[in-house]
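Reading the structure
Each chain, written out:
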Amino acid sequence: MAAGRASEADLRLLRAAQRSQLLLVLRALLEHDDEAARRGRHAGVVSGRTAWSLLCAAEERSPEAVEAVLADPTVMAWALRLLRRLGGTAEGPASAAPLWADLGQFHALAAAAALRSGVSGVLRVPAHRGMIWLPGAGMAGPVARRRWSEAEIRVDREGAVAVGELAEVRLPASRHLASEAPGWRPLRAVRGFAPAGDGAVGPGPWLDTVSPYRDFTRYPRSPDRSGDERLRVWEARLAGAYALLDRECPAEAVALRTLVRALVPRSFRGARGALVASASSLDAFGAVTLSLPSDETQTAAVLVHESRHQQLNALLGLVPLVHVPEKEEDEGAEGAEGAEGDEGAEGDVDGGEPKGTRLYYAPWRSDPRPVHGLIHGLFAFAGVGRFWRAHRRHVTGPESRRADFEFAVLREQLQEAVAALLPGENLTGAGELFVGEIADQLATWQDDEVAAGPAALARDYCTLRRAVWRARHLEVPAPMANRLAEAWIAGSAAPALPPAELRPRPDLIRLDTFGPLARFRLSAPDTFDRRRLRQDRDGEPALRAGYAAVAGDTERAAAAYAEWAAQDPGDPEAWIGAVLAQPEHARRPGAALLLDRPEAVAGVRRAVAAAGGDVPAPAELAQWLAGAGS
């Protein structure tokens, strides 16, 4: 897996392990059934064992029918969250459903299996805003007006009818479940991948805009109201991305087709520079949520990234790669990353880290990450890096420059992550093997030539992210910062700089602009120039500085960065950017320290101000600190 050579059989083994986990969870839910009844479950919902018996009958008649239901990733999401709820575990988002309704979804599973297999039965199921969930198929309704109510599904050889207090809906026969009908909203198969012929909802991939448990952070959710035209745009983009991967990156295409069943469209209204919000979750193996990428190439990169998270989530359930300290929580997916390494929609799906957990710099993230998170990012972006490396051979013009930039960025970032992990103190033997294999792949990338323009932008981008991260999350210990401040005020030589300490500051994190602007310039230089002119007239200093720096206009960049720093003297990003905008040969002494140890400059400036001294310019202070101990 680490080498990216997992066969379809290997990947099916991971999928089978996840199915086994789901069956264990369903069994555990049955064992909690009596206890849940004592805690006040709605009297109208029958025992989960009744539903289990119907599932078993459906399995005997048509095993593939039950498999089609259990293969829906949102079934695992529902089951795991309900199991935690019954166990009194606070982990993860809380359900907005009453307990009886969450439990009643067991009957929805049985109803979906009965409908597919032709087993007769009558079941009481929950309806959310009048809509009834049939896992692996879609939503029926509305059959009621209330927020939560009970409905009935009657299944016989002719099909099924959903009956509620407001209306009844005739459900399509099993072979027509993928077709829309009055009162029926199916999972929507991505065109070109649905099984030919019978019109049933197949094994995926499908667009899920209806399932109540499709959201990783909020549930249950009502069906989206996306119009058919909008969904066709999604289908076209996804179909193009799958075809692109088939042509250029077959191993990643196999992984995507084998592991990812459900693609959940999400909005990303705060997007800038064509960032994409995407995420995977430990609770929903096989599901990926993402905002609409800008084109087929970006879609392919996002899907590679998330299918890698799917692989690693499943592997970590079988093989420990990390020595987990007592009480440490699982990291889960890297969560909501931008496809190109920007965290345009940060918002992890995992929980907070226990006190004492070691945190690392993950070059594609703006927040410090524990070792599980760093390994997740390493494996996911190794796949994305391999995609861009292959894509460079198939494109020319602006698309080639864009691919060069993405590859050069990830090559540098992955090297840095490997260097942080390979001392191996937090890795098991399997973990060292895993990271070492990725390191070996990266070694074969180092001699690949990248065009000069994209290569220079990639270097500056990686340097900027690293320096800004340090300025946000690292600090010189207060006693030493005070000692340095006293020496500065007294006009003495600078004492030797001490190591920095990690002090995470999530409140300082904001969206990156340099990366999106670099991609914009490489992909659409004419449009970039027109928008830059508009920004020069009336844009904010930070954005004007970014446009000028990416365009290589050092004079305008210097002026805009100076204006930014004057507006917000405490923001190190302004003076870090100012250094990077200058050609290396023109940088003042101390510039390297501004990039390598910006937290020292920021900390001493604060200490000088607190001591009542005149706050020095960052460049002047950096030059003084650069001579520390000499």
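These lines cover the structure that appears in this document, whether it is placed above or below. Quantities reported herein were computed from a predicted structural model and do not represent experimental measurements. (Residues numbered from 1 in each chain as written. Predicted model: local features only at pLDDT ≥ 70, side-chain atom pairs only at ≥ 80, totals over all residues. Heavy atoms only, no water.)

1. Details of the pairing of strand 4 (residues 148–156)
With seven of its nine residues buried, strand 4 lies for the most part within the structure. Across five bridges, strand 4 lies against strand 5 (residues 159–163) in antiparallel orientation. Pairing of Asp 156 across the sheet is with Gly 159, part of strand 5. Hairpin connection between strand 4 and strand 5: a loop of two residues separates the two successive antiparallel strands. (Buried < 20%, exposed > 50% of the residue type's maximum accessible area, 1.4 Å probe, protein only. Helix = DSSP H or I, 4+ residues; strand = E, 2+ residues; numbered from the N terminus. Pairing = 2+ DSSP bridges.)

2. A word on the sheet that holds strand 9 (residues 206–207)
Reading across the sheet, the five strands line up as 8-9-10-12-11 and stay open at both edges, with mixed pairing between neighbours. The open sheet has two edge strands with one neighbour each: strand 8 (188–189) and strand 11 (278–279). Sheet topology note: the strand 10 (residues 262–265)/strand 12 (residues 287–290) ladder contains four bridges and is parallel. Paired with Val 264 across the two strands is Thr 289, which belongs to strand 12.

3. Brief notes about unusual backbone geometry
In this structure, Pro 142 follows Gly 141 across a cis peptide bond, with omega equal to 5°. Position of Pro 142 relative to the elements: it lies in the loop between strand 3 (138–140) and strand 4. In this model, Tyr 219 is joined to Pro 220 through a cis peptide bond whose omega is -5°. We note that Arg 129 has phi near 50°; this positive angle belongs to a residue other than glycine. By relative accessible area, Arg 129 is classed as partly exposed at 44%.

4. Side note on the nonpolar core
In terms of nonpolar packing, the biggest core is built from 110 residues, with Leu 263, Ile 375, Leu 378, Leu 414, Phe 434, Ile 576 and Leu 625 touching the most fellow members. In this structure, Leu 22, Leu 109, Ala 113 and Phe 216 belong to the second largest nonpolar core, which totals 61 residues. (Core = buried A, V, L, I, M, F, W, Y, C linked by side-chain atoms within 4.5 Å.)

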